[in-house]
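What the coordinates show
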Amino acid sequence: MALPDRYENPSAAVIRSLLQHAHELSVYAKDMPYPLKAEVIEIDLSTGRLVLEADYAGQDINGYLTSGGVSFDIEAMKGPQALERDTYSLSNVAAKLLKTDSTQYRLECQLPESVFVHEHRGAVRIPFILGMQARVGLEVYLHELSVPGRLRNLSVGGCMADIDLADSIAIGVNQEIPGITLEFPNGESFFAEGKIRHIRPFGQHGYAAVGIQFINLST
């Protein structure tokens, strides 16, 4: 089937928009101790081809690729004081690793055809991108400790939020928390109990990404 003349890969279009601002791109992997900083050197809006370049002096760069895929975060800083952050996270993007110099590598990636991620059991994960915002409150201990954050993606089964890295020491993987509250700009809110599924460093500016499963939901 022929594509329309003005077809743009949606994921590529989001990345291109973020690249217009001061930005940083970080490649991450579960088994690697820190994110790897990379630069976008090529992006094709029609085909979704993305080429990244990174310097890495270690011997285990293949650890950043899992099952032939690569995961990365883009943080764009907006405004004169760069107080407004816009982010986009992609996981398990098909990629090929090429060594171009003693410590220089290229990652040739094929971006997905949709910004929506289809999870197991048919659920769809929606990224909060390009100005979409919602606040998150994690009640870690009932009536004692609440951690603020920002919503980064949402599905019927859970969400991902980013919080200050310093706050992440208060929570652990598989920990159940008495409450998570999502507050949307139109005044609506959502509350559920939660379970921490994963925690990882997010980008280069002192944040952590926290994956939360909603539990004990009412109908």
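Heads up: these notes are all about the structure in this document. Not measured: the values here are computed from a predicted model.

**Regarding the environment of leucine 19**
As for its position among the elements, leucine 19 is in the loop between α1 (10-18) and β1 (22-28). Along the backbone, leucine 19 and isoleucine 74 are 55 residues apart, and their C-alpha atoms lie at a distance of 8.7 Å.

**Looking at the side chain of arginine 152**
Within the fold, arginine 152 resides in strand β11 (residues 145-154). A residue is classified by how much of its surface remains accessible, and arginine 152, at 5% relative accessible area, is buried. At a separation of 2.8 Å, a polar atom in the side chain of arginine 152 contacts the side chain of aspartate 162. In this view, arginine 152 contacts Arg85, Thr87, Ile126, Pro127, Phe128, Met160, Ala161 and Asp162; residues no more than four positions away in its chain are not counted.

**Examining the pairing of strand β14 (residues 189-202)**
Where strand β13 (residues 176-183) and β14 come together, six bridges link them in antiparallel fashion. By the bridge assignment, glutamate 183 is partnered in β14 with serine 189. Once β13 ends, the chain turns through five residues before running back antiparallel as β14, passing glycine 187 with a positive phi of about 95°. Two elements, β14 and strand β15 (residues 207-215), share nine bridges in a ladder whose sense is antiparallel. Residue pairing for β15: arginine 200 is matched across the bridge by alanine 209. Linking β14 to β15, which pair antiparallel, is a turn of four residues; within it glycine 203 sits at a positive phi near 70°.

**Section: empty space enclosed by the protein**
By the definition in use, this model includes two cavities of 30 Å³ or more. Considered as a void within the structure, the largest cavity measures approximately 50 Å³ in volume. Taken together, Leu36, Leu52, Glu53, Ala54, Ile61, Tyr64, Leu65, Leu97, Tyr105, Arg106 and Leu107 make up the full set of residues lining the largest cavity. Of all elements in the fold, only β3 (49-55) and β7 (104-110) reach the threshold of two or more residues within the lining of the largest cavity. Looking at the lining of the largest cavity residue by residue, the classes come out as nine nonpolar, no polar and two charged. Forming the boundary of the second largest cavity are Glu84, Arg85, Asp86, Phe128, Gly131, Met132, Gln133, Arg150 and Arg152. Elements with a minimum of two residues in the lining of the second largest cavity: β6 (84-99) and β11. If one sorts the elements of the lining of the second largest cavity by residue count, β6 sits on top with three residues. Tallied by class, residues from the lining of the second largest cavity come to two nonpolar, two polar and five charged.

**Considering unusual backbone geometry**
Positive phi, close to 55°, is recorded for serine 67, a residue that is not glycine. Exposure remark for serine 67: the relative accessible area of 86% places this residue in the exposed category.

**Some points on the layout of surface pockets**
In this structure, the largest pocket encloses a volume near 1,600 Å³. What lines the largest pocket is a set of 50 residues, and nearest its centre among them are Ser91, Glu119, Arg125, Met160 and His198. Among the elements of the structure, β6, β8 (117-118), β9 (124-127), β11, β12 (158-164), β14 and β15 are those that each provide at least two residues to the lining of the largest pocket. Counting residues per element, the lining of the largest pocket draws most heavily on β6, at seven residues.

**Observations regarding the pairing of β7**
Only one face of β7 is buried: it carries Tyr105, Leu107 and Cys109, and the other face, with Gln104, Arg106, Glu108 and Gln110, is open. Looking at chain direction, β3 and β7 are connected through seven bridges and run antiparallel. By the bridge assignment for β7, glutamate 53 is matched with arginine 106. The turn joining β6 and β7, which pair antiparallel and follow one another in sequence, is formed by four residues.

**Some thoughts on the nonpolar core**
Nonpolar side chains in soluble globular proteins generally cluster together in the buried interior. In this structure, Ile15, Val27, Leu52 and Phe72 are the most contacted members of the largest nonpolar core, which totals 33 residues. When residues of this core are traced back to their parent elements, those giving at least two are α1, β1, β2 (36-43), β3, β5 (69-78), β6 and β7. Those residues in contact with valine 27, other than ones at most four positions away along the chain, are Pro35, Leu36, Ala38, Leu52, Tyr64, Val70, Ser71, Phe72 and Leu107. Ala134, Val140, Val210 and Phe214 belong to the second largest nonpolar core, which has 21 residues in total.

Rules and cut-offs
Residues numbered from 1 in each chain as written. Predicted model: local features only at pLDDT ≥ 70, side-chain atom pairs only at ≥ 80, totals over all residues. Heavy atoms only, no water. Helix = DSSP H or I, 4+ residues; strand = E, 2+ residues; numbered from the N terminus. Buried < 20%, exposed > 50% of the residue type's maximum accessible area, 1.4 Å probe, protein only. Polar contact = N/O pair within 3.5 Å; in protein donor to acceptor, adjacent residues only side chain to side chain. Contact = heavy atoms within 4.5 Å. Pairing = 2+ DSSP bridges. 1 Å grid on protein atoms, 1.4 Å probe; cavity = no way out; pocket = protein on both sides within 12 Å on 5 of 7 lines; lining within 4 Å. Points joined across faces, edges and corners; volume = space filled by probe spheres on them. Nonpolar A, V, L, I, M, F, W, Y, C, P; charged D, E, K, R; others polar. Core = buried A, V, L, I, M, F, W, Y, C linked by side-chain atoms within 4.5 Å.

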